[in-house]
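One-letter residues, chain by chain:
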Amino acid sequence: MKVREMVWWWWIYIAVAVQASIKGEDYVTYDGRSLIINGQRKLLFSGSIHYPRSTPQMWSSLIAKAKEGGVDVIQTYVFWNLHEPQPGQYDFSGRYDLVKFIKEIQAQGLYACLRIGPFIESEWTYGGFPFWLHNIPDIVYRTDNGPFKFYMQNFTRNIVNLMKSEGLYASQGGPIILSQIENEYQNVEAAFHEKGPIYVKWAAKMGVELETGVPWVMCKQTDAPDPVINTCNGMRCGETFGGPNSPNKPSMWTENWTSFYQVYGGEPYIRSAEDIAFHVALFIAKKGSYINYYMYHGGTNFGRTASAYVITSYYDQAPLDEYGLLRQPKWGHLKELHIVIKNCFTPLLQGVQSNFSIGPLQQAYVYEEGMEACVAFLVNNDSTKNATVQFQNNSFELLPKSIGILPDCQNMVFNTAKVSTKPNKRITTLTKMFNEVDMWKEFKEDIPNFLDTSLRSNSLLEHMNTTQDKSDYLWYTFSFQPNSTCSQPVLHVESLGHVVHAYINTIFIEAGHGSHDTKGFSMDIPITLIDGINNVSILSVMVGLPDSGAFLESRYAGLTKVTIQCSESYIYDFTNYTWGYQIGLEGEKLQVFKEQSLEEVEWSEIDDSTNKSLTWYKTTFDAPIGDEPIALNMSSMQKGEVWVNEQSIGRYWVSFLTSKGNPSQTLYHVPRSFLNPTGNLLVVLEELNGDPLQISLNTISLVNVNSPFSYHHLPQ
């Protein structure tokens with residue numbers, strides 16, 4: 001065959017391939033107004049649902065409820081530390097089955113947005129980074145650093161290739177219409193000086209060159225390089241977003257916070273349905289075309305996945321609560337808003353916008369498409385008073401801090417502050433009390449002394465680097481013999497960890513802790529010493545790793561100073577001293593929360609001693625009949641972790657009270673898929689002095705505030 005003929009046939013092959021692609025698959029691009037799918041502009045509502053924060057058995061219901069609520073897109077992060085727990089070793093099983101999750105989205109006819117990051121923050125431990133990344137020589141995270149870029153690119157490429165191999169990008173006929181690279185980088189960019197902008201350009205170029213066939217976004221990144229779209233995160237992007245950095249990019253909101261994450265010692269943040277609706281309508285009025293609710297369903301931080309001080313329940317105040325139940329009126333009010341706006345999508349996406357004042361704190365945003373279509377948003381920014389406004393020779397009454405929507409510029413069919421959906425409330429029904437002594441067995445941790453340890457150092461080691469995130473716990477131990485003048489000694493401990501439990505000669509003396517907003521804390525504890533050698537054992541505890549900020553790889557946690565003051569003039573300083581270390585607890589190493597490991601230790605009857613610290617408890621129970629969600633009420637406990645059938649349902653910290661004197665969380669979700677009909681193993685690690693005899697098992701349901709009838713499925 002001649003060269004000319006070869007070229008001719010090659011071009012025919014390309015043309016046929018392109019035509020087949022256009023005919024059978026979704027082609028995604030964008031202009032200055034919106035995303036464009038198959039040649040049509042799209043006004044899209046999206047909802048964040050994170051696959052590992054629920055279970056595969058819950059995914060179908062969660063996605064269906066989101067779809068019923070008017071959501072078009074399901075948005076999720078990709079969790080690097082789950083998928084690559086060791087370099088080159090990948091896990092996509094069970095709750096980590098990203099492909100199955102995306103295919104479920106597709107099966108229900110929705111689009112997907114894949115936020116690869118791979119830094120995600122997300123109140124997820126270490127911002128989603130696997131801790132082994134910390135050990136890469138010369139690495140500096142999230143900057144123009146060769147080692148970091150190598151591993152980041154490798155993971156990103158592997159995720160993209162996995163999605164391609166399953167045909168999941170819209171360019172292949174799949175549901176994924178958007179990808180995200182990096183995450184809120186502008187928050188830390190200045191810390192890296194000239195290397196920050198270089199890294200932004202590299203990350204954008206790297207993502208685009210992976211050729212997903214769909215657009216990439218960078219949130220909170222005003223300098224996102226073309227063709228990557230810069231997007232907004234926050235609660236009020238209609239007021240705060242400076243807009244796209246190019247007239248050829250659409251206005252997009254990747255995180256509209258439906259509430260806020262909660263920390264131990266913190267009260268829940270309640271964001272009203274009216275406030276969310278106001279800011280959604282305002283963003284649409286100002287040419288927004290994509291809004292994602294973060295979170296639409298928050299779910300559960302199972303195991304040790306929550307970041308520093310973040311509670312196990314995640315965004316429980318979202319439209320779908322932790323259990324996947326409708327939170328009304330939030331879910332219903334937003335559904336009504338979505339219906340109204342979608343009925344106006346043609347003038348909103350094709351029409352000409354104008355805006356003008358209709359009062360001192362009132363504004364009108366109008367979209368007109370010739371003489372055929374007109375839609376108006378009448379905004380009252382006065383948060384205290386109603387406003388009567390004139391618009392197109394008609395008078396309209398606007399509630400305080402509200403937006404009235406007129407799909408025909410004549411009739412107001414929706415006001416963001418007028419809620420017609422009836423509220424509901426969540427109720428718990430007791431199904432079992434674990435209140436009989438003979439139900440339980442216990443195993444007490446031995447308190448290690450200096451001579452029990454094999455890891456030694458002449459200084460205080462940093463906690464995270466020592467444990468390598470294999471455990472929350474690190475023992476610091478030393479022994480010493482005081483002189484005869486040491487009267488009324490006081491142990492002084494300073495820590496940049498989260499919790500400290502102090503023991504003298506294996507006897508618990510006191511615990512202390514910091515808070516989410518306090519980077520360090522100190523303790524001054526009067527102690528009693530014996531004549532001769534004294535053993536000091538201090539347990540440092542992390543409650544999640546940090547998840548944000550520059551130079552994450554350089555953070556310090558753990559003890560920073562330890563002294564014993566014998567008098568005003570005489571202090572033993574043990575900061576630079578010979579220390580012995582033990583990583584983790586014995587029960588963790590033996591995995592006593594697993595059925596096959598129960599016999600590794602000697603379990604005994606519960607005793608009535610006052611020294612209950614660091615005790616493991618076990619019992620069994622049968623699953624409640626029915627399909628209602630299940631939760632353990634841990635209000636009688638203090639701090640620790642819970643396992644059901646070897647699955648960790650998360651950390652609990654009931655004893656850390658809020659400023660109002662309440663625990664931040666007492667109910668802990670036990671997914672039905674974790675359970676067998678009978679003989680379920682419950683194991684509790686209690687660090688302090690909780691009472692397992694008051695733990696209870698409960699079912700969760702909803703009741704309409706104005707109705708005695710409960711429901712836990714979608715209302716008809």
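Residues numbered from 1 in each chain as written. Predicted model: local features only at pLDDT ≥ 70, side-chain atom pairs only at ≥ 80, totals over all residues. Heavy atoms only, no water.

Looking up the chain in an unreviewed UniProt entry gives the name Beta-galactosidase, with the organism given as Gossypium hirsutum. Listed in UniProt under the heading Catalytic activity (unreviewed entry), the comment for the chain reads: "Hydrolysis of terminal non-reducing beta-D-galactose residues in beta-D-galactosides." (UniProt positions renumbered as here; feature names shortened; annotations may be inferred.)

### A look at the UniProt feature "domain: Beta-galactosidase galactose-binding" (unreviewed entry) in the chain
Here the UniProt feature "domain: Beta-galactosidase galactose-binding" (unreviewed entry) sits at residues 614-680. Between the C-alpha atoms that bound residues 614-680 there is a distance of 23 Å. The span itself is 0% helix and 43% strand. (Helix = DSSP H or I, 4+ residues; strand = E, 2+ residues; numbered from the N terminus.)

### Quick notes on unusual backbone geometry
In this structure, the amide linkage connecting Gly117 to the following residue, Pro118, adopts the cis form with an omega of 0°. With respect to the helices and strands, the residue Pro118 is situated in the loop between strand S6 (111-117) and helix H5 (146-165). Here the bond from Asp226 into Pro227 is cis, since omega is 5°, no more than 30 degrees from zero. Within the secondary structure, Pro227 sits in the loop between strand S8 (216-219) and strand S9 (229-234). A positive phi angle, near 75°, is found at Lys287, a position not held by glycine. Take Lys287: it is sitting in the loop between helix H8 (273-285) and strand S11 (288-297). One non-glycine residue, Gln591, lies in the positive phi region at around 55°. Mapped onto the elements of the fold, Gln591 is located in the loop between helix H12 (586-590) and strand S31 (615-621).

### Quick look at the nonpolar core
Judged by nonpolar contacts, the single largest core of 178 residues is most densely connected at Ile102, Leu114, Met163, Ile177, Phe377, Leu632 and Met634. Apart from the residues within four sequence positions on either side, Met163 is in contact with Leu98, Val99, Ile102, Leu114, Leu168, Tyr169, Gln172 and Ile176. (Core = buried A, V, L, I, M, F, W, Y, C linked by side-chain atoms within 4.5 Å. Buried < 20%, exposed > 50% of the residue type's maximum accessible area, 1.4 Å probe, protein only. Contact = heavy atoms within 4.5 Å.)

### Focus: the UniProt feature "domain: Glycoside hydrolase 35 catalytic" (unreviewed entry) in the chain
As recorded in UniProt, the sites labelled "domain: Glycoside hydrolase 35 catalytic" (unreviewed entry) are residues 34-338. For the annotated span residues 34-338, helix accounts for 29% and strand for 19% of the residues, and the straight-line distance between the end C-alpha atoms is 17 Å.

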